[in-house]
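Spelled out, the chains give:
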Amino acid sequence: MNQTSMNILDAGPGDLETRYRHLKEDQPDIRARNVAAALGVSEGELLAARVGKDAMRLRDEPVEILRALEPLGQLMALTRNEYCVHERKGEYLGGKFFSHGKTLSGLFVNPDIDLRLFMDHWRHCFAVVEQSRQGPRKSLQFFDKSGTAVHKIYLTTGSREAAYDDLVTSFLAQRQDDFIETEPYAPAPPDLPDHAIDRNGFREAWKNLQDTHDFFPLLKKFTLGREQSFRLIGADFACRVDKLAVRQVLEAARDAECPIMVFVGNRGCIQIHSGPVHKLVEHGPWYNVLDPLFNLHLRDDKVVSSWVTRKPTVDGIVTALELFDAGGEVIATLFGKRKPGVPELEQWREIIATLEPLA
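Model, not experiment: these values are computed from the prediction. (Residues numbered from 1 in each chain as written. Predicted model: local features only at pLDDT ≥ 70, side-chain atom pairs only at ≥ 80, totals over all residues. Heavy atoms only, no water.)

A.B. asks: I'm lost on the overall build of the chain in this one. Help?
C.D. replies: A count of helical and extended segments in the chain gives 11 helices and 18 strands. For 359 residues, the compact-globule formula gives about 21 Å, and the C-alpha radius of gyration of the chain, at 21 Å, lands near that figure. Expressed as lengths along the three principal axes of its C-alpha atoms, the size of the chain is roughly 60 × 45 × 45 Å. The burial tally for the chain puts 48% of its 359 residues in the buried class. Pairs at least 24 apart in sequence give 61% of the contacts found in the chain among residues at least 6 apart. With 45 positive and 52 negative side-chain charges, the chain shows a spacing of 1 Å between the two charge centroids. (Helix = DSSP H or I, 4+ residues; strand = E, 2+ residues; numbered from the N terminus. Rg over C-alpha atoms; globule rule 2.2 N^0.38 Å. Buried < 20%, exposed > 50% of the residue type's maximum accessible area, 1.4 Å probe, protein only. Contact = heavy atoms within 4.5 Å. Lys, Arg positive; Asp, Glu negative; His and termini not counted. Charge placed at Lys NZ, Arg CZ, Asp CG, Glu CD.)

Written as structure tokens, this is what we have:
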């Protein structure tokens, strides 16, 4: 970091938007998430400080905004966590939303835009117009109560810009406050000690799984952490592999033209790519897929553990490669491309079989 950047960061509370602008002038390619971290605020707070400049507050009605996206045509969906960014181009078609007691969830299930939405975490909504090398870049951005981004939607060359403008006008908030109130999430409770787990009961329940969607309730039933469950289940169902196995798997999928599924998520959204991968590029600390409709940006140096898991379903075993960070959070999960009622691709199983289990 150069002296100009250090002066900006040392400027004290001051005007957050001004400090943002100065840091962007000094480092034009720096991402908003990194600017926010450098300035000691959440990304949502930083964006709110730009209201009246290049951001506008929308009414906090994310379900209604998502339902209104179809007229915009092709868009770019972006979902990320700390160490992985998932970008997929397509149309937001046929969104469905469901209430389970006080919990609200949603789905977009399309060949291009495939999302699992946990709407209780969608708190703050913005429209943004940023300057880029290609000109103005318009987006819709959504944040949780802590100010962390859960999902962003960008216009593409295939978008209907007038429809975007109409949507923003329709959902523009009456009050254009340049701040948001944030609230931290409570830390996750620690895993129970291994000796407190009913290992035999858990293994029997795993053996009798009918669907991969039953796995999370299974963890809750036996009060298990995800990675802890892999340690305890036995090597026939879960084994640890080299932490950089994801490179080997992506390269093998590319070379074999094997379609895969890549899941990346955070507490508010899981985004899924289904299809092939072609262009794999290493750039700085990021390992990337750079295809016309799908981009993935992965800090694989932050992958602390990688697991091959095998979960029974009514369609046979479903095999995954699951990546975890130092805090035990899932960074990304890879599967062979599949649909309910169709067995897993043998080609995918052959790729996973090339990974050597760690002792």
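A.B. asks: Please explain the pattern of salt bridges as it appears in this structure.
C.D. replies: Oppositely charged side chains can pair when the atoms bearing their charge come close. Overall, the coordinates contain 24 salt bridges when judged by the stated rule. Between Asp 144 and Arg 267 there is a salt bridge whose closest N-O contact spans 3.2 Å. With Asp 144 in the loop between strand S8 (135–143) and strand S9 (149–159) and Arg 267 in the loop between strand S11 (260–265) and strand S12 (269–275), this pair connects stretches of sequence that are 123 residues apart. Its relative accessible area of 37% is what places Arg 267 among the partly exposed residues. Through salt bridges with shared partners, a single network forms among Arg 50, Asp 54 and Glu 130. (Salt bridge = Lys/Arg side-chain N within 4 Å of Asp/Glu carboxyl O.)

A.B. asks: Is there a simple way to explain the confidence of the model for the chain in this structure?
C.D. replies: Parts of the model with low pLDDT should not have their predicted coordinates read in detail. Averaged over the chain, the pLDDT score is 94; the fraction of residues at 70 or greater is 96%. Between residues 1–14, whose pLDDT stays under 50, and residues either more than four places distant or in other chains, the model counts 16 contacts. (pLDDT = per-residue confidence, 0-100.)

A.B. asks: Would you mind showing me how to read helix H2 (residues 16–26) here?
C.D. replies: Restricting attention to buried positions, one finds in H2 the residues Leu 16, Glu 17, Arg 19, Tyr 20 and Leu 23. When H2 is viewed along its axis, its buried side chains cluster within an angular range of 160° and face the same direction. Here H2 starts with a cap whose side-chain oxygen sits 3.2 Å from the backbone nitrogen of Glu 17, and that cap is Asp 15. (Arc of directions from axis to C-beta. Polar contact = N/O pair within 3.5 Å; in protein donor to acceptor, adjacent residues only side chain to side chain.)

A.B. asks: Just to check I follow, could you spell out helix H8 (residues 215–222) for this structure?
C.D. replies: Along H8, the positions that sit buried rather than exposed are Phe 215, Leu 218, Leu 219 and Phe 222. Looking straight down H8, one finds its buried side chains confined to an arc of 100°; they lie on one side. Pointing more than 90 degrees away from the buried face of H8 are the exposed residues Phe 216, Lys 220 and Lys 221. Looking at the buried positions of H8, the neighbouring elements they touch are helix H7 (199–207), helix H9 (226–233) and strand S16 (305–311). With its phi angle positive at about 55°, Thr 223 sits one or two positions after the end of H8.

A.B. asks: Honestly, the nonpolar core in this entry has me stumped. Any pointers?
C.D. replies: General note: in soluble globular proteins, nonpolar side chains tend to be found buried as a group. With 30 residues, the main nonpolar core has Val 249, Leu 250, Ile 260, Leu 321, Leu 323, Leu 334 and Leu 355 as its most contacted residues. Where this core is concerned, the elements lending two or more residues are strand S10 (238–241), helix H10 (245–256), S11, strand S14 (286–290), strand S15 (294–298), strand S17 (318–324), strand S18 (330–336) and helix H11 (346–353). Sorting elements by how many residues they give to this core places H10 first, with five residues. Those residues within four positions of Leu 323 in sequence are excluded, and the remaining contacts are Val 246, Leu 298, Val 303, Ser 305, Ser 306, Glu 329, Val 330, Ile 331 and Ala 332. In this structure, Leu 69, Ile 113, Leu 115 and Leu 155 belong to the second largest nonpolar core, which totals 29 residues. (Core = buried A, V, L, I, M, F, W, Y, C linked by side-chain atoms within 4.5 Å.)

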